[in-house]
Every structure is written in structure tokens, then in C-alpha cells.
Amino acid sequence: MNKIILEIGTEEIPSLYLDSLLKGLQESTKNLFEKYRLDCHNIRTMGTPRRLVMVAEDIASQQKDIFHKIKGPSIAISFDSDGRPKEPAIKFARTNNAKLDDLIIEKTDKGEYIFVKKQIKGEKLESLLPEIFMSLIAGINSPKSMRWGTSNIKFIRPIRWILALHNNKIVPLKLDILTSARKTYGHRLLAPGSVKIRNVDEYFEILKDRFVILDPLIRKNIILNQIKERIKNKNGIECIDQLLLDEVTNLVEYPKVLQGEFDKEYLNLPSEILIAVMVKHQKYFPVYGNDNVLLPFFLVVTNGNDDMYSDIILKGNERVLKARLEDAKFFFLEDQKIKEPGKKPLDEKLENLKKVIFQENSGTIFDKVNRLTILSNEIAQDLQLDNESKNILERSAHLCKSDLVTEMVKEFPDLQGIMGKEYAILQGERYEVANTIFEHYLPRFSGDILPISLTGSILSIADKLDNISSCFLNNLVPDGSQDPYALRRQSLGIINISFQQNMYFSMDRIIKINLELFERNVDLINNNIIDRDSIVRNIKNFIFQRLRYLLLEKGYKYDIIDAVLAKKPEYINDVLDRIKAIKNIYNSDGFLRTITAATRAYNLSKNKENPKISPELFKEKEEYSLYESYLKVKNDVKNILSERNYDDFYKSIKIMNKPIDIFFDKILVMVEDETIRNNRLSILKEIADLYFLTADLNKISLSKNSIN
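As the structure is a prediction and not an experimental result, all values here were calculated from the model.

**Quick notes on the overall build of the chain**
Then, number 1: Helices and strands together make up the secondary structure of the chain, namely 26 helices and 15 strands.
Then, number 2: By the compact-globule yardstick of 27 Å for 708 residues, the chain is too spread out, its C-alpha radius of gyration being 36 Å.
Then, number 3: Once the C-alpha set of the chain is aligned to its principal axes, its extents read approximately 115 × 105 × 50 Å.
Then, number 4: For the chain, the proportion of its 708 residues judged to be buried stands at 49%.
Then, number 5: Residue pairs in contact within the chain that sit at least 24 positions apart in sequence constitute 69% of those at least 6 positions apart.
Then, number 6: Carbon and sulfur atoms make up 48% of the accessible area of the chain, which amounts to about 36400 Å² in all.

Written out as C-alpha cells, the structure reads:
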């Protein structure tokens, strides 16, 4: 049984990239074995910050043979009338080391030709491995790569050694000045120096003896179990940050969890500050008691250490944490100082926002605050918010960005919004105002919570819409998979908030107002006249494209979604209302008849402009009957749509199905008399427009099999 191993020894690889590198290495190995026609049933990749490892077992000793056909001359010039081979056939067989009996005849697009099947024998595994291993090393994709020394090699970090073995033999590789060997290295501190590996089987045991745990999953479980044990000893609850767990797993080769403590005095700081210091800066795990209250302890994952040094290491970490917490305490107190009598700290900081650029050509954060105040008020008007809620919203919008210039947020940017809420409460603002300041940043990332309050939801939408509008004005529109300003995520945030709060506000009107606010300052648009209507359409289309993807994920039919979006509804929730109404009747016979009637009317009258119905020109009773049905439905529909009652809308327009079928059966529309013809086309045009008020029924796939 063949076994191979490739270990690429490096300087420390950033933890963020290790998992994706190992996944890519496994996929590349699988693809290369398929490319080289080698059977392999067990491929594993493992790694630590210092090494990427690929191990494969049960590999075929030789490539599979392949056969391919070589095309020769046509049969007409290869054989005579009696079927005897002529010179072209003989020469073709000789050239390909084939006998005349081996020649076969096959039909092609250009007639019959002679062919010969040729076998290509597979090469042995050992002769292919150098090429496969070099392809693996060269094919490892990383988001960032570097060169070092005088080497031309590019890799995520400098390569220091290469171990390459086939069973017990070295696979010869040369990478610049590096050559492959049978040596590897243990833990940098606990087992320094190189060690020889005789064969693939002993590799894992040797590394384990030298304090290297290759499998990230095993390392993670070791860390997790030690953390749980430490928490249990302090009567804490198991509240473990999974993202931090993933990160520290890829920072160490031989994990060991130590428990430290800090002064209880620091627990007087907001818990978010302590968590930011411990988790974001120091990569420590906080310890929580009942009700998720922080305890004065922390857990640090070290990269292996002798027990005799544990106390020294722990005291060093405690000193660092104390210094960090002292800084945080200083920032916290400094941010609350009042420099102007009569002003509150967050109000004072508004002036500083004039010095912070929001985006090139889009003014300062202070300008943005003014836009958000107006924009959120306009949304509130659409939603008919009560006066008290409007006051809360206005005050929140006024203060929502002030924490960006606090010392705390400068040091811990992830605390934006969180510190705004804390400082608002400390300066005596109503809780609703403080909470709205925090919620207007939500959702901050994929899977994050949505705002709960209506004021927080409105301000969040205003903020995200302003970000999107600014980027569109500055031609910073996402291209392909690139979205550096996270506009797609912010669009989904707007949509999900609208759904959760069942909000009906005019997207067209709010986007237009937003652009007008940008235009008030000529500097923001580089003295150019912008095509406002075009940008409004582009922004709305961008957001509604995200809406389309979201609705598809929710299981709605693509044709219903496209039919509704084609009408460019004004409200996000209105799109969902229309889709649900069509979904309820989608498979009914009545809806099929509605689509048939609507499509027949549309197809005949679609080129009719400025329709004008003159009842005095009617000649047949079927015209009167259809017109009366149209007038009744038109009056009913006006009231129904004012309340967005789409179920009743489709029930109402169904009344026209029978009269329009009779009309087409009895009436010739395209008569010679131009006046009569135009009048009949006019009524069909008006009826078609009525059918298509809420959705473009031509896009419903049911219509494809229903129209003759």
C-alpha cells in the first residue's frame, strides 16, 4: 500500500488563513490525482501555524492506461474497390506502429475515415510524485503572499523546510535553494531542533512526542475541554466565543489553557469594554457567572510551556491585561468630561465630527448626521410615527455618530454604537434614545441581530441607505464578487428590517430626498450635474436585486418574483404582499384563465398608444358587455389597491375573464374601419393595463402552455 506525505514548513501563518489553506490543499490534491489518473481513497490535510501537511494513502502504484483514436486518411483513398489497402493506409499503419488488421473505419461529419486505437501506458507513481508535489506547492492560493531573501518564490510566509516522502523514500524536490529531505521540526520551544523521519507511518508519532498536534480539530477539542474544566472550577457558566476558539486553535501547536485574574474594580466598567479588551486585543476568554455577569478571571491559551514557567507566563499576561484595562478606564472617564458648561459630552463631540471625512466627495460625518436627521424624519412621516417617537428619533439621529470621536471607540472601533448607548445613558438621555443609537448599526455582520425598536429600525435604514447613495454618487458600485463597502450586506439589512417591522415607506421618495441632501453642497458632487432619476433607479434596482435573491432563498417561485419586480413597486413590503397573493392562487384554474385573458388582451393591444374608449362607437353587444365589466372592476380595484389588498384584487379582475373570452370569440378586432379598430384596441389596452397593475403576468410561466 502506497503512502505519501508532504510537509511545507514555514514561518508562522496567520490564523485567519490556515483553515482555507488546508481546504485548498486537500481539493488540489484530489484534483491532481484525478488529472494524473491515479486512484487514491484517503487524502487528509492538517496543519499548525508552522506547517501545512498533506497525507495520502491507498494510492495506485501506476497511472491508469488510456486509449485514444488517431484519425487517418479517408476510406476513399485508403482502399481500392476490392477492399485492398492502398499506400496511404499502409503508410498510416506503419507510422503508428499498427498492423493493417488494427485499422478501423468510422463515420464522421465529413465521411468515412480510417482510425487506429493507440494505448498510452500509465507511468509509475514514483516518477510522477515530484511533479505532483511541486504542483501542489505552487498551487496553494493565499489572499496574501510574499517573497523573502533573494528568492523568486511567492508564498504566504517564508518556507523553511520541505519533507516529502513516498513510503520510506524521499521524493526529490528543489524549490530555489531548498531541497526536500526526510527531516522535520518539533515544537519551537519544547522540542527545538530537527528530527529524521524514516517513513510516513512514524511521522505522526514523532511529532506528537515533540509536542506538535497536527490536527486542528484535536487541538480545538483540547482547548475546549481545558476551558470547560477551568470554568467549572470557578463555578462559571459555559459561554465560549466560538470565533475566538477557532482563532486560537490556529495560533498554537501544543495548546495549554492557563487561568488568570484581574482586579474586581475593573468590573465597574461596562462589560462590553472588558470583553473588547480581553477578546479583541488579548485573545483571552472571559469567564462568566450566572446571568452572564463577568467574573474577575480570564483564560489564556498558550503555545505549550513547561509547568515551571506557568506562573511567570500567567503573571506576564495579568500585567499586560491590567495595563490595557487601565487605558480603557482612562478613556472611559476622559470621554465623559465636559469642556463647555451647559453641554453634554456627546453634544460637545458633534463639533469634532466636522473634522472627520465620511467619504471622499461626500462631506464629513457631521454632514452625514444632518442627512440622517432629515432622512429618518421623512421615513417616520411615511410610517405616520407619533410625535413622541419622532422626538426620540430626532435626538438619536443627532447623537448617533458622536461616539466615533471618543477615545474609547478610537481604540476599540468595534464598540461604535455600544459606547454611544453607554455614554448616552450616563449623560441622562432617555433609554429609548440610547437604545436607538446602538440599534442603528444593526445588523453589523451576516447573522447579526436586527433592531427591535421602530426608531432604531428607521435610523438603521436611513444610515445604510445614505452609505449606499454615497457610494453610487462616487461610482463605488460593487463589481462582481468585490464589495469593499459591504453595500450588498447593507441592502439586505434594509430589506430584513423592513420585513421584520412590516414597514411601508416609499423607496423612490426616500432615495430621491437622500440625493437632494447630497446635492445641497456643490462640493459633494464635484460641481457636476447628476442625473438624479437615473441614480435613484440604479440604487433601487441594486437593493431590489438583493431582495430577489432573498425571496428565492425563502422558496418563492422565480417567475412570480420577476413578474412583481417588473412593476417596480414603491415599497419593499409591497413586493412580498403581491408575491404572497399570487402564490395563493398560482395553481388554480381561475388564475390560469386570468393569465390567458390578460395575455390575449396585451398581445393584441401592446402597441396601442394613448387609448381612448368611445362607447358610442360600439357595434356589438359583446363590446358593451366587456366595457361594463371593465368599468365595474376599475372602480372596485381603485379602492382595493389603496389598501393593498391583493387577494381581493385578483378576485376582482377575474370577473373580466369570461367577457373577454366571449369578446375574442365573437368580435373581429382588426377590422378595416380604422375608427372601430382603434376603439376596440383601446378597450383591450385599458383592460390589459388593469390586469397588469400589480404584476407583469407575461412573466408567469403558467402562460407558456395556456395561450394558443
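Moving on from the model shown.
**A word on helix H11 (residues 365-382)**
Then, number 1: Taking 1.5 Å of rise per residue, 18 residues should cover 26 Å, and H11 covers 26 Å from first to last C-alpha, within 8% of that figure.
Then, number 2: Among all positions in H11, only Ile365, Lys368, Val369, Arg371, Leu372, Thr373, Leu375, Ser376, Glu378, Ile379 and Ala380 are buried.
Then, number 3: Where H11 is buried, its residues touch helix H12 (387-399), helix H16 (454-473) and helix H18 (507-519).
Then, number 4: Capping the start of H11 is the job of one residue whose side-chain oxygen sits 3.3 Å from the backbone nitrogen of Phe366: Thr364.

**Structural notes on the pattern of salt bridges**
Then, number 1: All told, the structure shown has 45 salt bridges when counted by the stated rule.
Then, number 2: Linking Lys121 and Asp65 is a salt bridge whose minimum nitrogen-to-oxygen distance equals 4.0 Å. Of this pair, Lys121 sits in the loop between strand S6 (111-120) and helix H4 (125-138) while Asp65 sits in the loop between strand S3 (51-59) and strand S4 (66-74); the two residues are 56 residues apart in sequence, bridging distant segments of the chain.
Then, number 3: Residue classification places Lys121 among the exposed residues on the basis of a relative accessible area of 58%.
Then, number 4: Each of Lys368, Arg371, Lys401, Asp463 and Asp466 takes part in one network of salt bridges that share partners.

**Let's talk about the confidence of the model for the chain**
Then, number 1: Per-residue confidence for the chain gives a mean pLDDT of 92, with 98% of residues at or over 70.
Then, number 2: Counted against residues more than four places away or in other chains, residues 704-708, with its pLDDT under 50, gives six contacts.

**Re the environment of Asp448**
Then, number 1: Relative to the helices and strands, Asp448 is located in the loop between helix H15 (431-439) and H16.
Then, number 2: Taking the C-alpha atoms as reference points, Asp448 and Arg324, separated by 124 residues in sequence, lie 27 Å from one another.
Then, number 3: Those residues in contact with Asp448, other than ones at most four positions away along the chain, are Leu442 and Pro443.
Then, number 4: Among the polar contacts made by the side chain of Asp448, one reaches the main-chain amide nitrogen of Arg444 at a distance of 2.8 Å.

**What to know about the packing of aromatic side chains**
Then, number 1: Going through the model one piece at a time under the given rule, you end up with 15 aromatic pairs.
Then, number 2: Ring centres of Tyr284 and Phe298 lie 4.5 Å apart, and the angle between their planes is 20 degrees; on these two criteria the pair is classed as stacked. Within this pair, whereas Tyr284 is found in the loop between helix H8 (271-281) and strand S14 (285-288), its partner Phe298 is found in strand S15 (residues 294-302), the two being separated by 14 residues in sequence. Of the two residues, Tyr284 and Phe298, neither departs from the other in class, the shared state being buried.
Then, number 3: For the ring pair Phe472 and Phe542, a centre distance of 5.5 Å and an interplane angle of 65 degrees mean the geometry is edge-to-face. Placement of the pair is Phe472 in helix H16 and Phe542 in helix H19 (residues 532-553), with a sequence separation of 70 residues.
Then, number 4: The buried category is assigned to Phe472, whose relative accessible area is 10%.
Then, number 5: Taking the relative accessible area as the measure of exposure, Phe542 reaches 10% and is therefore buried.

**A short note on the sheet that holds strand S5 (residues 104-108)**
Then, number 1: The strand order S4-S6-S5 describes an open sheet built from three strands, whose pairing is antiparallel. The open sheet terminates on both sides in strands that have one partner only, identified here as S4 and S5. On average, adjacent strands in this sheet sit at an angle of 45 degrees to one another, irrespective of strand direction.
Then, number 2: By the bridge criterion, five bridges tie S5 to S6 in an arrangement that is antiparallel. Following the sheet pairing, Ile104 is matched in S6 by Phe115.

**Observations regarding unusual backbone geometry**
Peptide bonds are mostly trans, and most non-glycine residues show a negative phi.
Then, number 1: Between Leu442 and the following residue, Pro443, the backbone shows a cis peptide bond with an omega angle of -15 degrees.
Then, number 2: Along the chain, Pro443 turns up in the loop between H15 and H16.
Then, number 3: Not every positive phi belongs to a glycine, and Gln384 is a case in point at roughly 55 degrees.
Then, number 4: One can find Gln384 in the loop between H11 and H12.

Reading the values: the criteria
Residues numbered from 1 in each chain as written. Predicted model: local features only at pLDDT ≥ 70, side-chain atom pairs only at ≥ 80, totals over all residues. Heavy atoms only, no water. Helix = DSSP H or I, 4+ residues; strand = E, 2+ residues; numbered from the N terminus. Rg over C-alpha atoms; globule rule 2.2 N^0.38 Å. Buried < 20%, exposed > 50% of the residue type's maximum accessible area, 1.4 Å probe, protein only. Contact = heavy atoms within 4.5 Å. Areas by Shrake-Rupley, 256 points an atom, 1.4 Å probe, with all protein chains shown as cover. Expected span 1.5 Å × (residues − 1). Polar contact = N/O pair within 3.5 Å; in protein donor to acceptor, adjacent residues only side chain to side chain. Salt bridge = Lys/Arg side-chain N within 4 Å of Asp/Glu carboxyl O. pLDDT = per-residue confidence, 0-100. Phe/Tyr/Trp six-rings, centres within 6.5 Å; stacked < 30°, edge-to-face > 60°. Pairing = 2+ DSSP bridges. Axes fitted to C-alpha atoms, helices over the stretch in contact; angles between N-to-C directions.

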